[in-house]
Amino acid sequence: MPDQKKATRYGLATVAMWSTVASAFKLSLAHLTPLQLLFYASLASCLVLGLVLAATGRLGALFALSRPQWRRSMLLGALNPFLYYTILFAAYDLLPAQEAQPLNYTWAITLSLLAVPLLGQKLRRKDMLALVVSYAGVVVIASHGDVLGLRFASPSGVALALVSTLVWALYWILGAKDDRDPVVGLMANFLCSLPLTLLAVLCFSDPWPGSWEGLAGAAYVGTFEMGLAFVTWLTALRCAVNAARVANLIFLSPFLSLVLIHFFVGEAILPSTVVGLVLILAGLGVQRAGR
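Residues numbered from 1 in each chain as written. Predicted model: local features only at pLDDT ≥ 70, side-chain atom pairs only at ≥ 80, totals over all residues. Heavy atoms only, no water.

Trainee: Can you explain the overall build of the protein chain? Please cite residues and give values.
Mentor: Looking only at helices and strands, the protein chain features 13 helices and zero strands. Each helix and strand of the protein chain, ordered N terminal to C terminal, gives the series α-α-α-α-α-α-α-α-α-α-α-α-α. Its C-alpha atoms give the protein chain a radius of gyration of 19 Å, near enough to 19 Å, the size a compact globule of 291 residues would have. Summarising its shape, the C-alpha atoms of the protein chain cover approximately 55 × 45 × 40 Å along the three principal directions. Per-residue burial for the protein chain yields a buried fraction of 48% across its 291 residues. In the protein chain, once contacts between residues fewer than 6 apart in sequence are set aside, the share between residues at least 24 apart is 87%. About 13,700 Å² of surface is accessible on the protein chain, with carbon and sulfur atoms providing 71% of the total. (Helix = DSSP H or I, 4+ residues; strand = E, 2+ residues; numbered from the N terminus. Rg over C-alpha atoms; globule rule 2.2 N^0.38 Å. Buried < 20%, exposed > 50% of the residue type's maximum accessible area, 1.4 Å probe, protein only. Contact = heavy atoms within 4.5 Å. Areas by Shrake-Rupley, 256 points an atom, 1.4 Å probe, with all protein chains shown as cover.)

Here it is, written out as structure tokens:
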């Protein structure tokens, strides 16, 4: 039954988890390569999602999936988690967490751009304004406030962070017509991505982690970022009387994340990061207006 208070509690729990993951990415990458982090986080996520399905009596639905549905998961799993997190973790490896995290929030703008050629949608004036405002924030963050000089500290890191938003948006567009239970579908996607991740680790990295700290970080990322956060967010939206009110909670996450990045990662938060983040979120607010 709809319950707005319950929806808000689940939404806040999700925001709390999302707020920690940028710090967890950066701390884990101090001990693991991006591919190692993806592999062990994916294993943890499969375990958590499997436990959720078992606890809710839906594990049998995973084994009842048809061949076309498994083929869909092979495609979606190649996009997310494999390609998306490979690129995202590589961006975090090159950039300070305070820069990579806000750049990742531009995926909603990327989604509206991809929807034009792939879904035949039209860009509204608000979409164009949102694009300009949000990507102005990207420039401010990437240039450390030197907007006129346009000297980026890590052009490769910025490029990877923005490409990851392209992959994420494409994943959601292709998965929009997926009629499976969302948690079952996500579990199938992760299972199908594991062979790709294992092959990539064997070919381009070392499958054995160097320390227990790295494994602990990967377990945290897989449990919360790739697993429980999805389940609690989905629950929040299903319980909501007003889904928009719950969705607006996501605007809390990046600011909480900056606080945690400062205290746990030890980064001094630059004024340009705060200004750029405000611009990115302002653009997202403009885009959401009227929807």
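Trainee: Explain the side chain of Ser-253 residue by residue, including any values.
Mentor: Tracing the backbone through its elements, the reader meets Ser-253 in helix H12 (residues 253-265). A polar side-chain atom of Ser-253 sits 3.2 Å from a polar atom in the side chain of Tyr-105. Discounting chain neighbours no more than four positions away, the residues touching Ser-253 are Val-15, Trp-18, Ser-19, Gln-101 and Tyr-105. (Polar contact = N/O pair within 3.5 Å; in protein donor to acceptor, adjacent residues only side chain to side chain.)

Trainee: Hey, could you go over the packing of aromatic side chains for me, with residue numbers and the actual values?
Mentor: This model, assessed by the stated rule, comprises 12 aromatic pairs. Consider the rings of Phe-25 and Phe-89, whose centres lie 5.0 Å apart with planes at 70°: the pair is edge-to-face. Here Phe-89 lies in helix H4 (residues 67-94) and Phe-25 lies in helix H1 (residues 4-29), a separation of 64 residues in the sequence. The structure contains a cluster of three or more aromatic residues connected by ring pairs, namely Phe-25, Tyr-84, Tyr-85, Phe-89, Tyr-92, Trp-107, Trp-168, Tyr-171 and Trp-172. (Phe/Tyr/Trp six-rings, centres within 6.5 Å; stacked < 30°, edge-to-face > 60°.)

Trainee: Could you give an account of the layout of surface pockets, with specific residues and numbers?
Mentor: Size it by volume and the second largest pocket reaches roughly 220 Å³. Lining the second largest pocket we find Thr-20, Ser-23, Ala-24, Leu-27, Ser-28, His-31, Glu-213, Gly-217, Tyr-220, Leu-260 and Phe-264. At the level of elements, H1, helix H10 (212-239) and H12 are the ones that each hand at least two residues to the lining of the second largest pocket. With five residues, H1 is the single largest residue contributor to the lining of the second largest pocket. (1 Å grid on protein atoms, 1.4 Å probe; cavity = no way out; pocket = protein on both sides within 12 Å on 5 of 7 lines; lining within 4 Å. Points joined across faces, edges and corners; volume = space filled by probe spheres on them.)

Trainee: Let's hear about the pattern of salt bridges: which residues, and what values?
Mentor: Taken as a whole and assessed by the stated rule, the structure comprises three salt bridges. Across the pair Asp-127 and Arg-124 runs a salt bridge, and its minimum N-O distance is 3.4 Å. What makes Asp-127 buried here is its relative accessible area of 3%. (Salt bridge = Lys/Arg side-chain N within 4 Å of Asp/Glu carboxyl O.)

Trainee: Kindly report on the environment of Ala-142, identifying the contributing residues and their values.
Mentor: Examined against the element boundaries, Ala-142 turns out to sit in helix H7 (residues 125-142). Here Ala-142 falls in the buried class, since its relative accessible area comes to 1%. With 10 residues separating them in the primary sequence, Ala-142 and Val-132 have C-alpha atoms 15 Å apart. When sequence neighbours within four positions are dropped, the list of residues in contact with Ala-142 reads Arg-151, Phe-152, Ala-153 and Val-158.

Trainee: Talk me through the nonpolar core; I want residue IDs and the actual numbers.
Mentor: With 67 residues, the main nonpolar core has Phe-25, Tyr-85, Phe-89, Tyr-92, Val-221 and Met-226 as its most contacted residues. In terms of residue count, the dominant contributor to this core is helix H2 (residues 34-55) (11 residues). Those residues in contact with Tyr-92 that lie beyond four places of it in its chain are Ala-22, Phe-25, Lys-26, Leu-29, Ala-97, Ala-100 and Gln-101. Ala-7, Trp-233, Ala-236 and Cys-239 belong to the second largest nonpolar core, which has eight residues in total. (Core = buried A, V, L, I, M, F, W, Y, C linked by side-chain atoms within 4.5 Å.)

Trainee: Quick rundown of a nonpolar patch on the surface? Include the residues and the values.
Mentor: A grouping of Leu-27, Val-259, Phe-263 and Phe-264 is seen on the molecular surface, where their side chains present a nonpolar patch of about 440 Å² in accessible area. Here the nonpolar patch gets three residues from one element, more than from any other, and that element is H12. Judged by its relative accessible area of 43%, Val-259 falls in the partly exposed class. (Patch = residues over 30% accessible without salt bridge, like charges linked within 9 Å, V, L, I, M, F, W, Y side chains within 5 Å.)

Trainee: Would you mind going over helix H8 (residues 155-174) in detail, with residue names and values included?
Mentor: Its 20 residues give H8 an end-to-end C-alpha distance of 29 Å, which sits within 8% of 28 Å, the value for a rise of 1.5 Å per residue. Residues of H8 that are buried include every one of Gly-157, Val-158, Ala-161, Ser-164, Thr-165, Val-167, Trp-168, Ala-169, Tyr-171 and Ile-173, and no others. Each element contacted by the buried residues of H8 is listed here: H4, helix H5 (97-104), helix H6 (107-119), H7 and helix H9 (182-204). (Expected span 1.5 Å × (residues − 1).)

Trainee: How would you explain H9 if you had to name every residue and give the values?
Mentor: For H9, built from 23 residues, the straight-helix expectation of 33 Å at 1.5 Å per residue is met to within 8% by its first-to-last C-alpha distance of 32 Å. Roughly 30° is the biggest bend found in H9, and it falls at Leu-194, with proline Pro-195 one to four residues downstream. With a side-chain oxygen positioned 2.9 Å from the backbone nitrogen of Val-183, the residue opening H9 is Asp-181. (Bend = angle between axes of the 7 residues up to and from the residue.)

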